[in-house]
Amino acid sequence: MKFGTKAIHAGVEPDPSTGAIMTPIFQTSTYVQTSPGQHKGYEYSRSQNPTRHALEKSLAALENGKHGLCFSSGLGAIDAVIKLFSPGDEIISTNDLYGGSYRIFTKIFEKYGLKFHFVPMHDTKAIEEKISDKTKMLWVETPTNPMMNIIDIEASSRLAKKHKLVLAVDNTFSTPYLQNPLDLGADIVMHSVTKYIGGHSDVVMGALVVNDDSLQERLAFIQNSCGAVPGPQDCFLVLRGIKTLHIRMQRHSENGRKIAEYLNQHPKVGKVYWPGLPSHPNHEVAKKQMRDFGGMISFTLKGDKQEDAIKVLEKFKYFTLAESLGGVESLSGHPASMTHASIPKEDRDIAGLKDSLIRLSVGIEDAEDLIEDLKQAIG
Ligand code: P1T
């Protein structure tokens, strides 16, 4: 089955009790048992819910995986992955990643004896240098948030296999439409479903997709034991969002290209970070592992002054200044003070994240209007 057909059909069967074509919102916390332990596969909605189950099957199909698991947020999904490990274990992550991921690693899990190393993972040698007998997992985010670095998933998978490590990939910026990490050797794919998969900025949710049955069992045990599950109404909204994921991603990528090219020739713009530009340092890896390059773009203004960036952000009309990304509407952000404020400035500097950086989530409006907005805001 091809991607668009999967987006519309996978996981979704007509409801057996009524014939409803769209999976109903099973707004129930519990299910009848005719005798203790005698039920129809559903006992309690933290453990299983039919609307969530349909979404988990849909997400697994989109990622070419066997099992999907949904969580109440992207960070809830990350939390479950890290709970696979024990005190003393070490995890190597990219040094350019979502600020909230950095925060849960360093501020929550380091307290429990886990150790995290942050390295520029687009350089595979930098990963290998940090691997020791304590290393248990590589945590890859690609493209990275917000510097849009591309990490080679196949090369990371070779390293993970050689050293018997779990390879997890945060695929939030790419979505399964642009990239399928499991096909490239990853063990776990993670999504902030809040973003492109939901697609309409009206749901907060996370997901994991895996192939391995025992990994699925361990993660489902954590999901049920810790309880960070989404409600059925949110699962319904995401099932609806997924039906247009392929069409939205095509338009995000088309608009992304037009905006990146516009910014790239603008006399007041300094650097443009978008993996589809041939000048992007990891463009060849991006071409190898991605089908297109998406709608996330970061850029700086010449002179690198934070106050100039703030002025542009204040002037935007369509690129609304807000946290988050991946919705149909365009958004803008100032990573240093917003999404990445929890990363210490010296670490942001090492990753090249300047206080003057602007991040755009290019929506699916008409590109001409978006370019007009950039023109009036940048001047
Ligand atoms: O917000 P939540 O659904 O919990 O997902 C966290 C998350 C994980 N991974 C990546 C790559 C992300 O971008 C995010 C959330 N990011 C934003 C809110 C943001 O504006 O960058």
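Placed above this text is the structure.
Residues numbered from 1 in each chain as written. Predicted model: local features only at pLDDT ≥ 70, side-chain atom pairs only at ≥ 80, totals over all residues. Heavy atoms only, no water.

### Describing the overall build of the chain
Part 1 of the reasoning: Within the chain one finds 14 helices and 12 strands.
Part 2 of the reasoning: For a compact globule of 379 residues, the expected C-alpha radius of gyration is about 21 Å, and the chain comes in at 21 Å, within 12% of that figure.
Part 3 of the reasoning: Once the C-alpha set of the chain is aligned to its principal axes, its extents read approximately 75 × 50 × 35 Å.
Part 4 of the reasoning: In the chain, the proportion of contacts linking residues at least 24 apart, taken out of those at least 6 apart, comes to 72%.
Part 5 of the reasoning: Accessible area of the chain: about 16100 Å², with a carbon and sulfur share of 53%.
Part 6 of the reasoning: Distance between charge centroids for the chain: 1 Å, based on 43 positive and 45 negative side chains. (Helix = DSSP H or I, 4+ residues; strand = E, 2+ residues; numbered from the N terminus. Rg over C-alpha atoms; globule rule 2.2 N^0.38 Å. Contact = heavy atoms within 4.5 Å. Areas by Shrake-Rupley, 256 points an atom, 1.4 Å probe, with all protein chains shown as cover. Lys, Arg positive; Asp, Glu negative; His and termini not counted. Charge placed at Lys NZ, Arg CZ, Asp CG, Glu CD.)

### Thoughts on the site of the ligand
Part 1 of the reasoning: Not every one of the 19 residues close to the ligand is listed here, only the nearest: Asp170, Ser192, Thr194, Ser324 and Arg359.
Part 2 of the reasoning: Between a nitrogen atom of the ligand and a side-chain N or O atom of aspartate 170, the distance comes to 2.6 Å.
Part 3 of the reasoning: In the model, an oxygen atom of the ligand is placed 2.8 Å from a nitrogen or oxygen of the arginine 359 side chain.
Part 4 of the reasoning: Only helix 3 (74–82) and strand 6 (188–192) provide two or more residues apiece to the shell around the ligand.
Part 5 of the reasoning: Residue composition of the shell around the ligand, grouped by class: 6 nonpolar, 8 polar and 5 charged.
Part 6 of the reasoning: Counting residues domain by domain, the shell around the ligand receives three or more from each of domain 1 (3–242) and domain 2 (245–378). (Near = heavy atom within 4 Å. Polar contact = N/O pair within 3.5 Å; in protein donor to acceptor, adjacent residues only side chain to side chain. Nonpolar A, V, L, I, M, F, W, Y, C, P; charged D, E, K, R; others polar. Domains from an automatic or database assignment.)

### Here we look at the state of the cysteines
Part 1 of the reasoning: Considering all chains together, one arrives at 0 disulfides under this definition.
Part 2 of the reasoning: Note on cysteine 226: no disulfide assigned, nearest cysteine sulfur contributed by cysteine 70 at a separation of 16 Å.
Part 3 of the reasoning: By relative accessible area, which is 47% here, cysteine 226 ends up partly exposed. (Disulfide = S-S within 2.5 Å. Buried < 20%, exposed > 50% of the residue type's maximum accessible area, 1.4 Å probe, protein only.)

### Section: the side chain of serine 45
Part 1 of the reasoning: Checked against the element boundaries, serine 45 lands in the loop between helix 1 (3–9) and helix 2 (50–62).
Part 2 of the reasoning: For serine 45, a relative accessible area of 14% translates into the label buried.
Part 3 of the reasoning: A polar contact of 2.6 Å, which involves the side chain of serine 45, links it to the backbone oxygen of threonine 28.
Part 4 of the reasoning: A distance of 3.2 Å separates the side chain of serine 45 from the side chain of asparagine 49, its partner in a polar contact.

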